Amino acid sequence: MTKDVEVAEQGQGGEYSAKDYNDPPPAPLIDFEELKKWSLYRAVIAEFVATLLFLYITVLTIIGYKHQTDPNVAGTNQCDGVGILGIAWAFGGMIFILVYCTAGISGGHINPAVTFGLFVGQKLSLIRTLLYMIGQCAGAICGAGLAKGFQKSFYNRYGGGANTVSHGYNKGTALGAEIIGTFVLVYTVFSATDPKRNARDSHVPVLAPLPIGFAVFMVHLATIPITGTGINPARSFGPAVIFNNDEAWDDQWIYWVGPFVGAAAAAIYHQHILRAAAIKALGSFRSNA
């Protein structure tokens, strides 16, 4: 466990006081004791339900928009519907809501890429990481399945919310968009939940789900025209399973490789460059030698 000291100025008199904080210890790679704890299974259930709700609301938003702008439907035009801005708000808003609701139970990941990034940053054990991902993917499948169950004809007609690379963009461009978009999201997650920031800025009431939701919103604005926006392998996997279209499966690897690479890069950047975790560990080793 590392301990840092921040020097904070107090008042107008120029008096200073030390403010310290402790980083939580790195999570063990494999912790079989976790399997005996109800808190682990409760967290997995929370991830499952949150991802189910996330997919249900967002897939229906996409389908509703496509129906409202379908030129083959009488009485519709391209100005109807929520538009790309509304779809981006649906994704960002749902992440804000669901992270707020589940953060105290599971951490509010709702995204295998976020979970993987936190694993790379030594915030989670391998067992918890794998169970979270299974719960998230299962929730995504069930959420997309519910959307299809309630609106089967619209679901099949309008693509089921499945992600594919847009015409005019190659797979390299799509992969790059997914890497950078996920980097922005996971970097925001690390920054918003950084214990050093919380200690230093304890006088500023920061609601972590808010910047995370805004990151999702902004990335969607940039990447919906390219990939439909994945940055969440479960979000892409669930509709692909339920819609079961060849094109969606052909592009599926992009929505796993891109987010995982971006998440790992964000974790390494934040933990080992901005927070200099490796340098601190080396310094602690030398001081104890």
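The rules behind each value
Residues numbered from 1 in each chain as written. Predicted model: local features only at pLDDT ≥ 70, side-chain atom pairs only at ≥ 80, totals over all residues. Heavy atoms only, no water. Axes fitted to C-alpha atoms, helices over the stretch in contact; angles between N-to-C directions. Helix = DSSP H or I, 4+ residues; strand = E, 2+ residues; numbered from the N terminus. Parallel < 35°, antiparallel > 145°, perpendicular 65-115°, else oblique. Left-handed = near helix turned anticlockwise from the far one by under 90°. Contact = heavy atoms within 4.5 Å. Phe/Tyr/Trp six-rings, centres within 6.5 Å; stacked < 30°, edge-to-face > 60°. Buried < 20%, exposed > 50% of the residue type's maximum accessible area, 1.4 Å probe, protein only. Core = buried A, V, L, I, M, F, W, Y, C linked by side-chain atoms within 4.5 Å. Patch = residues over 30% accessible without salt bridge, like charges linked within 9 Å, V, L, I, M, F, W, Y side chains within 5 Å. Areas by Shrake-Rupley, 256 points an atom, 1.4 Å probe, with all protein chains shown as cover. Salt bridge = Lys/Arg side-chain N within 4 Å of Asp/Glu carboxyl O.

## Topic: the packing of helix α1 (residues 38-68) against helix α9 (residues 233-243)
Point 1. Interhelical geometry of α1 versus α9 gives an angle of 65° and a closest axis separation of 11 Å. Classified by the angle between their axes, α1 and α9 sit roughly perpendicular to one another. The two elements α1 and α9 cross, and the hand of that crossing is right-handed. Facing T51, F54, L55, V59 and I62 of α1, the residues of α9 in contact are A234, R235 and P239.

## Comments concerning the packing of aromatic side chains
Point 1. Taken as a whole and assessed by the stated rule, the structure comprises 15 aromatic pairs.
Point 2. Measuring from ring centre to ring centre gives 4.1 Å for W89 and F217, while their planes differ by 25°; the resulting arrangement is stacked. With a gap of 128 residues between them, W89 in helix α2 (residues 83-102) and F217 in helix α8 (residues 209-227) connect regions that are remote in the sequence.
Point 3. Exposure remark for W89: the relative accessible area of 44% places this residue in the partly exposed category.
Point 4. Residue classification places F217 among the buried residues on the basis of a relative accessible area of 6%.
Point 5. Here the aromatic cluster, defined as three or more aromatic residues joined through ring pairs, consists of F116, F119, F237, W249, W256 and F260.

## Quick word on unusual backbone geometry
Point 1. The backbone phi angle of Q122 is positive, close to 65°, even though this residue is not glycine.
Point 2. By secondary structure assignment, the location of Q122 is in the loop between α3 (112-120) and α4 (126-150).
Point 3. With a phi angle near 50°, I231 is a residue other than glycine that sits in the positive phi range.
Point 4. Relative to the elements of secondary structure, I231 occurs in the loop between α8 and α9.
Point 5. Overall, I231 belongs to the buried group, its relative accessible area being 3%.

## Thoughts on the nonpolar core
Within soluble globular proteins, side chains that are nonpolar tend to cluster in buried spots.
Point 1. F54, Y155, L185 and I212 are the most contacted members of the largest nonpolar core, which has 42 residues in total.
Point 2. Among the elements of the structure, α1, α2, α3, α4, α6 (171-192), α8, α9 and α11 (254-274) are those that each provide at least two residues to this core.
Point 3. Looking at this core element by element, the count peaks at eight residues for α1.
Point 4. The residues touching L185, leaving out its near neighbours within four places in the chain, are N111, V114, I212, A215, V216 and I231.

## Concerning a nonpolar patch on the surface
Point 1. Residues L29, I30, F32, L35, W38, Y41, I45, V49 and L53 make up a contiguous nonpolar surface patch of about 890 Å² in total accessible area.
Point 2. Within the secondary structure, V49 sits in helix α1.
Point 3. Residue class for V49 comes out partly exposed when judged on its relative accessible area of 39%.

## A few points about the side chain of T229
Point 1. The topology assignment puts T229 in the loop between α8 and α9.
Point 2. Its relative accessible area of 0% is what places T229 among the buried residues.
Point 3. Those residues within four positions of T229 in sequence are excluded, and the remaining contacts are N163, E178, V219, H220, T223, I224 and R235.

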